[in-house]
Each structure stands twice: as C-alpha cells, then as structure tokens.
Amino acid sequence: MTIRVGIIGTGFIGLDHGNKLVNVINGSTVTAVTDVNKTRAAEVAALLGGAKVFDNGHDLINSDLVDAVLVCSIGETHAEYTLAAIAAGKPVMCEKPLAPTTPECEAILAAEVAHGKRLVIVGFMRRYDPGYKEVKATLDGGKIGAALIMHNVHRNATVPESFTSFMTMTDSMIHEIDTTRWMLGEEITSVQVAPPKRTSKAFPHLQDPQFALFGMESGVLSTSEFFANCQYGYDVRCELVGELGTSSLVNPVVASSTIAGQDADMVPPDWRVRFGPAYTAELQAWITGLGKGEIVGPSAWDGYAATRVTEFGVQAVKTGQRVEIDYIEKPALYR
Ligand code: NAD
Ligand code: ISE
C-alpha cells in the first residue's frame, strides 16, 4: 500500500521531507504540493517527480489524490491546516510548532477529541535520533538511577536578521522542551531565563546566547543553552545526570579529516545534516503506521504542552523571573 502525501509549504523542510518521502521512505509518494509562493511550489513539484500543484492548502487537503497531509508552512498557518485535515478525517503530520498559541492548540485538541481518534502527529524529530533514544533507554533501564538534572545545549551557526529573542523559545528551545518532557516522562512546571553576556556576532536586537532553567513536576531541573550565532556549526548536546551515573548524547561523526598532523571531525552545518537520519526515521514510522491504520508519532497533546511552555518562556525572557506553568486537563484520548 502506498500512502499518497500532500505537502503544504514547500520551503526548506517541505522539500527536505518531500525528497525523503519520494526517494527514501518505504510506502509513500508525494502526489500534491502547495505554497503561497507558486513559483517555489512548481519547482518543488518538478523536483518531486511531478506532484500536482494546488492553488491552496484547503483544496489539497480535500483532494482525492491525498491520503495524508504534511504541514510544512510557517507556524502561523499550522492550526488552520491541521484543523482542516481533521475536518476532512485525514491523518496530518504538522511540523513544529503545532501552533504558536495555546488557544489554537486547544482548538486542535478539541477537534481531534470530537473526531474520536488520533489523526495528528507533530514533527518533534529528536525523539527518533539514535543518541537521544539511547540516553532515554539508559534512563528507562534503570542504569543511572533516578534522574536529577538534564543539561541541554543547542547551537546554530548563524540565524537571519528576522530571528528575534523570543524565537529562541518558540522556534528553537521548543525542541529541548519536547525532549525534556519525553525523556523524563513528566510535564514542565516552571521556566526561568537568564541572559548571559551577549556575543558581538549577533544582530543588535537579538539577546544571544540565552540560558533557560526548566523545573519538572518531580523537582528534576533541566538546563538549556541556546546560542543562535555560535559561528562554528550546528551543535546539539544532552547529558542526563542520575543518582548512579550520567548518560550523554554522542554527536554522530559526519566526516573526519587528518590534516597537518591533526585529526578533525566535521561539525554538521545545520539541522538538515545533524538530524537527517532522525527525520527519515520519523517519516518512516509515520508512513508505516498509516499503512497499518495507526497514528505513530508525538501527539497533539505533546504539541500543546510544548507551546504552553514556550508561551510562559516568552514571559520569562521578558521578565527574567521564574514563571509557573499550568495546563488544561489532559483529555482521555492522550492518556
Ligand atoms: P521556510 O520559510 O523555508 O518555508 C515555509 C514555506 O511556507 C514558505 O515557502 C512559504 O512561502 C510557505 N507559506 C507561508 N504561508 C503559507 C500559507 N498560508 N500556505 C502555504 N504555504 C505558506 O521555512 P522552513 O524552515 O521550511 O520551516 C517551515 C516549518 O517547519 C516551520 O514551522 C518550522 O518551525 C519548521 N521546521 C522544523 C524543523 C525541525 O527541526 N523539525 C526545522 C526547520 C523548520
Ligand atoms: C529551526 O526551525 C529548527 O527547528 C531547528 O531544528 C533548530 O535548530 C533551529 O534553531 C530552528 O530555527
């Protein structure tokens, strides 16, 4: 059985996911694309082997050519398209964030609950990274005892001028927020953000780097450094400290060179290279699940909870104070 995917948003990740769905993933093809940038949509359709270009996301969602929807447009459009996919009764994978605001996320939860079965997954691909999975397996296997502290580092080489100090939370640290919740199996209940000394390499409007402290229900603390302009490449690290030992992510070596008497490992340039295998695993799990009539991947609740933390995180960036986080009651569908 081949799942025919329609992609809304044919920017960087729309093309990246599309390439994998056509050329790498077993059991999928891309039959439809759309983007407000029509030229880009037509170029990507040609690159993906001649997918039909739709005038808008709603026509794509409702087309008989589309079995499942992949939302890769800008965050502000995610709720509109995810809700339309639920209304059409079609499975939908929505890139992060599920939506930028919790009222939008709550509308998605309500629509899915009313539908009665899960349809939505959210693109938190780090859950499929071999390193993160190994750290979680070590914790869950009891080898390091009870978790006490989690340390996270997330560095991008550079970001464009449009990147704001709040996007540190909403666009980037949202990944650490999800991995922390998933790794520890509990919700984040507080957030505090402290601004370290600014790098001279960032645009003047951007507080960079930033340092956040997330408190968990159990009292575990999770630290998170986000450095948007570290210059040297894309670098993600994670260490979990337990009562009996620690477990750390080992970054995959993409290439090594021996030059002038020194061995050097290549640092990945960006998220596409660093998490390439994780995106593949995420898409394969989604497609394989759909082939069996199952929805496999982080849920709309996971999307809501992450956005909830980023909303309070933005307040914490503004005030520098510790902010307590509360949630709506988790619907039975997600328990
Ligand atoms: P991008 O700017 O390259 O692409 C976004 C595309 O959406 C653009 O082509 C734009 O024209 C299109 N678009 C805007 N409004 C639209 C609308 N109303 N309908 C249809 N298309 C519309 O951005 P990107 O880097 O590809 O990011 C897209 C999404 O993927 C974002 O939500 C981003 O947070 C997420 N993302 C996730 C990861 C990850 O690691 N999981 C990495 C990068 C981006
Ligand atoms: C981008 O949108 C991503 O999701 C990347 O994984 C992250 O590293 C980057 O900071 C974001 O801008």
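This is a predicted model, so every value here is computed, not measured.

**Examining unusual backbone geometry**
Move 1: Each neighbour pair has its own omega, and for Lys96 with Pro97 the value is -5 degrees, a cis peptide bond.
Move 2: Relative to the helices and strands, Pro97 resides in the loop between strand S5 (92–94) and helix H5 (102–115).
Move 3: In the segment running from Asp208 into Pro209, the intervening peptide bond is cis, with an omega of 5 degrees.
Move 4: Positive phi is not limited to glycine here, since Gln231 has a value of about 80 degrees.
Move 5: Note that Gln231 resides in the loop between strand S10 (221–227) and strand S11 (235–242).

**Concerning the site of ligand 1**
Move 1: Residues in close proximity to ligand 1 total 24 residues, the closest being Ile13, Asp35, Tyr81, Lys96 and Tyr279.
Move 2: At 2.9 Å from an oxygen atom of ligand 1 is found a main-chain nitrogen or oxygen belonging to Ile13.
Move 3: Taking Gly123, its main chain carries an N or O atom lying 3.5 Å from a nitrogen atom of ligand 1.
Move 4: Expressed as a share of its isolated accessible area of 840 Å², the protein-covered part of ligand 1 is 80%.
Move 5: Contributing elements (two or more residues each) for the shell around ligand 1: helix H1 (12–23), helix H4 (78–87) and helix H7 (167–184).
Move 6: Split into classes, the residues belonging to the shell around ligand 1 amount to 11 nonpolar, nine polar and four charged.
Move 7: Counting the residues that make up the shell around ligand 1, at least three belong to each of domain 1 (3–124 + 277–299) and domain 2 (127–275 + 306–334).

**A closer look at H5**
Move 1: Helix length check: H5 (14 residues) gives 20 Å between terminal C-alpha atoms against 20 Å at 1.5 Å per residue, within 8%.
Move 2: Among the residues making up H5, those that are buried are Thr102, Cys105, Ile108, Leu109 and Glu112. For H5, the angular spread of buried residues about the axis comes to 115 degrees, placing them on one side. Exposed and oriented more than 90 degrees from the buried face of H5 are Pro103 and Ala114.
Move 3: Those residues of H5 that are buried lie in contact with H4, strand S6 (120–122) and helix H10 (300–319).
Move 4: Two residues or fewer past H5, Gly116 is found with a positive phi of approximately 95 degrees.

**Thoughts on the sheet that holds strand S12 (residues 246–248)**
Move 1: Strand order in the open sheet formed by seven strands is S12-S11-S7-S10-S9-S8-S15, and the pairing between neighbours is mixed. The two strands at the open ends of the sheet, each matched to only one other strand, are S12 and strand S15 (323–324).
Move 2: When strand S9 (residues 210–216) meets S10, the two strands line up antiparallel, connected through six bridges. Its bridge partner lying in S10, Phe214 is registered against Ser222.
Move 3: Against the sheet, helix H6 (residues 130–140) makes contact with strand S7 (147–155), S11 and S12, and its axis sits at roughly 5 degrees relative to S11, the strand it touches most.
Move 4: Strands S7, strand S8 (188–194), S9, S10 and S11 of the sheet are contacted by H7, whose axis makes an angle of about 150 degrees with S7.

**A closer look at the packing of H7 against H10**
Move 1: Packing of H7 against H10 leaves a shortest axis separation of 9 Å and a crossing angle of 125 degrees. One finds that H7 runs oblique with respect to H10. Crossing of H7 against H10: the hand is right-handed. Contacts from Met169, Thr170, Ile174, Ile177, Asp178 and Arg181 in H7 reach Trp301, Asp302, Ala305, Ala306, Val309, Thr310, Gly313, Val314 and Val317 in H10.
Move 2: Of the residues assigned to the contact of H7 with H10, the class counts are nine nonpolar, three polar and three charged.

**Quick notes on the packing of H4 against H5**
Move 1: Contact geometry of H4 with H5 gives a least axis separation of 10 Å together with a crossing angle of 5 degrees. By the criterion of interaxial angle, the relationship of H4 to H5 is roughly parallel. In contact with Ala79, Thr82, Leu83 and Ile86 of H4, H5 contributes Glu104, Ala107, Ile108, Ala111, Glu112 and His115.
Move 2: Tallied by class, the residues present in the contact of H4 with H5 amount to six nonpolar, two polar and two charged.

**So, the sheet that holds S5**
Across a sheet, paired strands are connected by hydrogen bonds in the backbone, their directions being either parallel or antiparallel.
Move 1: The sheet built from six strands is open, its strands ordered S3-S2-S1-S4-S5-S6 with parallel pairing. Because the sheet does not close on itself, it has two edges, and the strands there are strand S3 (52–53) and S6.
Move 2: Note that strand S1 (residues 3–8) and strand S4 (residues 68–71) share four bridges and pair parallel. When the bridges of S4 are listed, Val5 appears paired with Ala68.
Move 3: Sitting on the sheet, helix H9 (residues 276–291) touches S1, strand S2 (28–34), S4, S5 and S6, and the angle it makes with S1 is about 130 degrees.

**A word on the packing of aromatic side chains**
Move 1: For the structure on display, the rule yields five aromatic pairs.
Move 2: With 6.2 Å between their ring centres and 90 degrees between their planes, Tyr234 and Phe275 make a pair best called edge-to-face. Of this pair, Tyr234 sits in the loop between S10 and S11 while Phe275 sits in the loop between helix H8 (271–274) and H9, placing them 41 residues apart in sequence. Considered together, Tyr234 and Phe275 belong to a single accessibility category, that of buried residues.
Move 3: Three or more aromatic residues joined by ring pairs form one cluster here, namely Trp301, Tyr304 and Tyr327.
Move 4: Looking at Lys52, its charged tip hangs above the ring of Phe54, at a distance of 4.9 Å from the centre.
Move 5: Across from the ring centre of Trp271, 5.5 Å away, lies the NZ or CZ of Arg272, which sits over that ring.

The rules we used
- Residues numbered from 1 in each chain as written.
- Chains lettered and ligands numbered in written order.
- Predicted model: local features only at pLDDT ≥ 70, side-chain atom pairs only at ≥ 80, totals over all residues.
- Heavy atoms only, no water.
- Helix = DSSP H or I, 4+ residues; strand = E, 2+ residues; numbered from the N terminus.
- Near = heavy atom within 4 Å.
- Polar contact = N/O pair within 3.5 Å; in protein donor to acceptor, adjacent residues only side chain to side chain.
- Areas by Shrake-Rupley, 256 points an atom, 1.4 Å probe, with all protein chains shown as cover.
- Nonpolar A, V, L, I, M, F, W, Y, C, P; charged D, E, K, R; others polar.
- Domains from an automatic or database assignment.
- Expected span 1.5 Å × (residues − 1).
- Buried < 20%, exposed > 50% of the residue type's maximum accessible area, 1.4 Å probe, protein only.
- Arc of directions from axis to C-beta.
- Contact = heavy atoms within 4.5 Å.
- Pairing = 2+ DSSP bridges.
- Axes fitted to C-alpha atoms, helices over the stretch in contact; angles between N-to-C directions.
- Parallel < 35°, antiparallel > 145°, perpendicular 65-115°, else oblique.
- Left-handed = near helix turned anticlockwise from the far one by under 90°.
- Phe/Tyr/Trp six-rings, centres within 6.5 Å; stacked < 30°, edge-to-face > 60°.
- Lys NZ or Arg CZ within 6 Å of the ring centre and 35° of its normal.

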